[in-house]
Amino acid sequence: MADRGAGFVGDITYQFEYAERIPCAFIGAGGHSYRNVYPSFQYAPVELLAVCDLDVARAREYTRKFGAARAYADHHEMLERERPAAVFIVTGYDDDGRVQATRLALDCLAAGAHVWMEKPTAASLEEVHRLRAASATADRFVMTGLKKVFTPAMEKTKAIISSPEFGAVSSIAVRYPQSLPPPERRHDLREMRGFLDHIYHPAAILSYLMGPVSRFSHEWEPVGGGSTASLRFASGAVGTLHLAAGGAATSPLERVEVIGEGANVVVDNSVRLTYYRRGGRLPYGRAPSYVVDDEYAALTWEPEFSLGQLYNKNLFYLGYVPEILHFCESILTKTPPAKGTLEDAGAIMELFEAYQSIPPGTVVELPLDRPHSRRMDGDH
């Protein structure tokens, strides 16, 4: 089982080894869930009762492949007949660009089930608030699959920057490959689907490592739709979010760097973590060697890929199994999730709505929905 604060403790338990399993249903039979979510159940205390999809023939194929007993085309019928303790939802978008999983999650909560839903949680902050109210009324958990904050590299980063040795966190830079439509098209959710789908990844990292954003502005370029955002956090730290549209698909796609006091930590491509520790001295014009004492030398972690180990499977190093274990642990221990919460989703949606509604070059205070919180400071 996953440790709630810092990744895994001990060895992984396989599904067939659990003495207690959670009766679950699944809504959605698409390619993403086939690759990444259903296979993660091999390592979780999940008893898959049924699969539901509008294409019931496809749902039947998934029941055969992943060991469920029954297939449904109507989720209301499935919820009524199966009475699952929890439901996993991995679906798409309505024709108007709204997130299908939002209304499905509300139905599952009304039926008395806990909900794990793939991101995005919703298409507006108002819808997240509605989910929070329904979750409280039903006394059931809702967790969003924010896989980036469950990766071993990001959990280790969080531990490093929280240590006294790192010092106070002063700044962060996040690079992620994502384009953004022109400002005049951003109120159309159909135009914003791709952005909504992917802003959850870098925004989850920012929220997890740095806490709430209190000030926001961004610039946008029309060639590839890339943008850079300037951020100030409630802690006083600053940061940038570089949405690097237009890069080669074969290049390293992501980078996160956090700066402390004489120390910094860098995560490349979600798997290579380097911690540059403070204390080493290389006096300018006097240092004969770049090799510092071992106690100050940089530490680097990355997986090897020559052995058939769990840690070099993408289900683990990309965070899929850890997030599902966290959800299952929450249900079994009756403890609310610590990550992937609706509060986390709300913080992400605040950033999404800032990109959606704030013109490039304008500085605003966040959150936008707080009375009198918006302050336009002009084009600077």
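Relevant structure appears above.
Definitions and limits used
Residues numbered from 1 in each chain as written. Predicted model: local features only at pLDDT ≥ 70, side-chain atom pairs only at ≥ 80, totals over all residues. Heavy atoms only, no water. Helix = DSSP H or I, 4+ residues; strand = E, 2+ residues; numbered from the N terminus. Rg over C-alpha atoms; globule rule 2.2 N^0.38 Å. Buried < 20%, exposed > 50% of the residue type's maximum accessible area, 1.4 Å probe, protein only. Contact = heavy atoms within 4.5 Å. Lys, Arg positive; Asp, Glu negative; His and termini not counted. Charge placed at Lys NZ, Arg CZ, Asp CG, Glu CD. Core = buried A, V, L, I, M, F, W, Y, C linked by side-chain atoms within 4.5 Å. Pairing = 2+ DSSP bridges. Axes fitted to C-alpha atoms, helices over the stretch in contact; angles between N-to-C directions. Parallel < 35°, antiparallel > 145°, perpendicular 65-115°, else oblique. Nonpolar A, V, L, I, M, F, W, Y, C, P; charged D, E, K, R; others polar. Phe/Tyr/Trp six-rings, centres within 6.5 Å; stacked < 30°, edge-to-face > 60°. Lys NZ or Arg CZ within 6 Å of the ring centre and 35° of its normal. Expected span 1.5 Å × (residues − 1). Bend = angle between axes of the 7 residues up to and from the residue. Disulfide = S-S within 2.5 Å.

With that settled, consider the overall build of the protein chain. Helix and strand content of the protein chain: 10 helices and 17 strands. For 380 residues, the compact-globule estimate of 2.2 N^0.38 gives 21 Å, and the C-alpha radius of gyration of the protein chain, at 22 Å, lies within 12% of that figure. Here the protein chain holds 380 residues, and 48% of them are scored as buried. In the protein chain, the proportion of contacts linking residues at least 24 apart, taken out of those at least 6 apart, comes to 66%. Side chains of the protein chain carry 39 positive and 47 negative charges; the gap between the two charge centres is 1 Å.

The subject of this paragraph is the nonpolar core. Membership of the largest hydrophobic core comes to 110 residues, with the highest contact counts inside it found for Ile89, Leu209, Leu241 and Tyr355. The residues contacting Tyr355, other than those within four sequence positions of it, are Leu180, Arg186, Phe195, Ile199, Phe216, His218, Ser227, Ala229, Leu241 and Leu243.

Looking now at the sheet that holds strand S12 (residues 238-243). Taken together, the 9 strands give an open sheet; going across it, the order is S16-S15-S14-S13-S9-S12-S11-S10-S17, and neighbouring strands pair in mixed fashion. Of all the strands in the sheet, the pair left with one neighbour each is strand S16 (299-301) and strand S17 (364-365). Bridge analysis of strand S9 (residues 171-176) against S12 gives 6 bridges, and the strand direction is parallel. Note on S12: the bridge partner recorded for Arg175 is His242. Helix H6 (residues 152-161) contacts strand S13 (255-259), strand S14 (264-268), strand S15 (272-276) and S16 of the sheet and is inclined by roughly 175° relative to S14. Along the sheet face, helix H10 (residues 342-357) touches strand S10 (213-220), strand S11 (227-233) and S12 and points at about 40° away from the line of S10.

The next subject is the sheet that holds strand S3 (residues 22-27). As summarised here, the arrangement of the 6 strands in space is S5-S4-S3-S6-S7-S8, forming an open sheet in which the pairing is parallel. Edge positions in the sheet fall to strand S5 (70-72) and strand S8 (142-145), since each has one partner strand and no second. The mean inter-strand angle of the sheet, taken between neighbouring strand axes irrespective of direction, is 25°. One ladder, built from 4 bridges, connects S3 with strand S6 (residues 86-89); its direction is parallel.

Take His201: it is sitting in helix H7 (residues 193-210). Accessibility expressed as a relative area gives 8% for His201, which makes it buried. Those residues in contact with His201 that lie beyond four places of it in its chain are Lys119, Lys147, Lys148 and Tyr176.

As a further point, take the packing of helix H5 (residues 125-138) against H10. At a minimum axis separation of 9 Å, H5 and H10 run at an interaxial angle of 170°. Comparing their axes, H10 and H5 come out roughly antiparallel. Counted together, Leu125, Val128, Leu131, Arg132 and Ser135 of H5 and Leu342, Glu343, Ala345, Gly346, Met349, Glu350 and Glu353 of H10 form the full contact between these two elements. When its residues are assigned to classes, the contact of H5 with H10 shows 6 nonpolar, 2 polar and 4 charged.

For the coordinates displayed, the defined rule picks out 20 aromatic pairs. If you follow Lys158 out to its NZ or CZ, it ends over the ring of Tyr208, 5.4 Å from the centre.

Turning our attention to H7. For H7, with 18 residues, the first-to-last C-alpha span of 26 Å sits near the 26 Å given by 1.5 Å per residue. A bend of about 35° at Ile199 is the largest found in H7, and the proline Pro202 appears one to four places after it. Counting buried positions along H7 gives 13 out of 18 residues, so the element sits mostly inside the fold. Looking at the residues trailing H7, positive phi occurs at Gly211, about 85°.

Following the criterion strictly, the structure yields 0 disulfides and no others. Cys328 supplies the cysteine sulfur nearest to Cys24, a cysteine that is in no disulfide, at a spacing of 5.9 Å. Accessibility expressed as a relative area gives 1% for Cys328, which makes it buried.

All right, on to unusual backbone geometry then. With an omega of 0°, the peptide bond running from Lys119 to Pro120 counts as cis. For Pro120, the position within the fold is in the loop between strand S7 (114-118) and H5. In this chain, Leu366 is followed by Pro367 through a cis amide linkage whose omega measures 5°. Within the secondary structure, Pro367 is located in the segment after S17. A positive phi angle, near 55°, is found at Asp139, a position not held by glycine. Of note, Asp139 is situated in the loop between H5 and S8. On the basis of relative accessibility, which here comes to 59%, the residue Asp139 falls in the exposed class. One non-glycine residue, Lys334, lies in the positive phi region at around 55°. Structurally, Lys334 is set in the loop between helix H9 (320-333) and H10.

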